Amino acid sequence: MLIAEIKKAISERAARSAWDKGCREYAEELFAEVVEHRHLADDAELGENITEVEMLNGACDWSQYSYGGCALVFDGDICERLYSPSRQRKLHDGAYGPGGGETWLDVQAKALKQAARIVRRVANRRD
């Protein structure tokens, strides 16, 4: 598949909830980073499969990636990306924690892991 086709497939992926839309946005960003790292143009073929290790870009897992500042760093930004407007209001736009003993960076790590699965599923598919 061409890079442009993969980008389109990721961006057109069905997403009904705020969480799914946020994961899709993370997936778009992760794929863009891989493309940039590989120095590929939109009309180029992907070549070898994308691995989770490649997307982690030196981090050992998605938690380290998130805590290391490789994605969003502000609680309010993470809350806005992954939660519905009504949930954002209840959490005072990220000023309150997400609950369950988690931090916003923990929540982001879960979303990044899901986004990485999306990228691998779409990009590594051979038609």
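Residues numbered from 1 in each chain as written. Predicted model: local features only at pLDDT ≥ 70, side-chain atom pairs only at ≥ 80, totals over all residues. Heavy atoms only, no water.

Glancing now at the overall build of the protein chain. A tally of regular secondary structure across the protein chain gives seven helices and zero strands. Sequence-ordered secondary structure for the protein chain, helices as α and strands as β, is α-α-α-α-α-α-α. At 15 Å, the protein chain has a C-alpha radius of gyration in line with the 14 Å of a compact globule built from 127 residues. With respect to the three principal axes, the spread of C-alpha positions in the protein chain is 45 × 30 × 20 Å. The proportion of buried residues among the 127 residues of the protein chain is 35%. For the protein chain, the exposed surface amounts to about 7,200 Å²; the carbon and sulfur share of it is 49%. Computed over 18 positive and 22 negative side-chain charges, the separation of the two mean positions in the protein chain equals 8 Å. (Helix = DSSP H or I, 4+ residues; strand = E, 2+ residues; numbered from the N terminus. Rg over C-alpha atoms; globule rule 2.2 N^0.38 Å. Buried < 20%, exposed > 50% of the residue type's maximum accessible area, 1.4 Å probe, protein only. Areas by Shrake-Rupley, 256 points an atom, 1.4 Å probe, with all protein chains shown as cover. Lys, Arg positive; Asp, Glu negative; His and termini not counted. Charge placed at Lys NZ, Arg CZ, Asp CG, Glu CD.)

In this structure the tally under the stated criterion is two aromatic pairs. Consider the rings of Trp62 and Tyr65, whose centres lie 5.0 Å apart with planes at 65 degrees: the pair is edge-to-face. Of this pair, Trp62 and Tyr65 both sit in helix α4 (residues 62–67), three residues apart, which is roughly one turn of the helix. By relative accessible area, Trp62 is classed as buried at 5%. Seen from their ring centres, Tyr83 and Trp104 are 5.2 Å apart, and the 75 degrees between their planes marks the pair as edge-to-face. With Tyr83 in the loop between α5 (75–82) and α6 (85–90) and Trp104 in helix α7 (residues 104–123), the pair connects residues that are 21 residues apart, well separated along the chain. As far as the burial class goes, Tyr83 and Trp104 line up, both buried. When the ring centre of Tyr26 is taken as reference, the NZ or CZ atom of Arg81 above it lies at 4.5 Å. (Phe/Tyr/Trp six-rings, centres within 6.5 Å; stacked < 30°, edge-to-face > 60°. Lys NZ or Arg CZ within 6 Å of the ring centre and 35° of its normal.)

Turning our eyes to something else, we now look at the nonpolar core. Formed by 35 residues in total, the largest nonpolar core has its most connected members in Ile6, Leu30, Phe31, Ile50, Met55, Trp62 and Val119. Of all the secondary-structure elements, those providing two or more residues to this core are α1 (3–11), α2 (18–38), α3 (52–56), α4, α5 and α7. Tallying contributions element by element places α7 first for this core, with 12 residues. Other than its neighbours up to four places away in sequence, Trp62 contacts Leu30, Glu52, Met55, Leu56, Ala109, Leu112, Lys113 and Ala116. (Core = buried A, V, L, I, M, F, W, Y, C linked by side-chain atoms within 4.5 Å. Contact = heavy atoms within 4.5 Å.)

Here we come to the pattern of salt bridges. Where charged atoms from two side chains of opposite charge approach closely, those side chains can pair. Under the definition given, this model contains five salt bridges. Here Lys7 makes a salt bridge to Asp42, at a shortest N to O gap of 2.7 Å. Highlighted residues: Lys7 in helix α1 and Asp42 in the loop between α2 and α3, separated in sequence by 35 residues. Salt bridges linked by common partners bring Glu25, Glu29 and Arg81 together as one network. (Salt bridge = Lys/Arg side-chain N within 4 Å of Asp/Glu carboxyl O.)

So, on to the environment of Gly97. Mapped onto the fold, Gly97 is located in the loop between α6 and α7. Residue classification places Gly97 among the partly exposed positions, given a relative accessible area of 43%. For the pair Gly97 and Val119, spaced 22 residues apart in the sequence, the C-alpha separation amounts to 28 Å. Gly97 has contacts with Leu91 and Trp104, leaving out every residue within four places of it along the chain.

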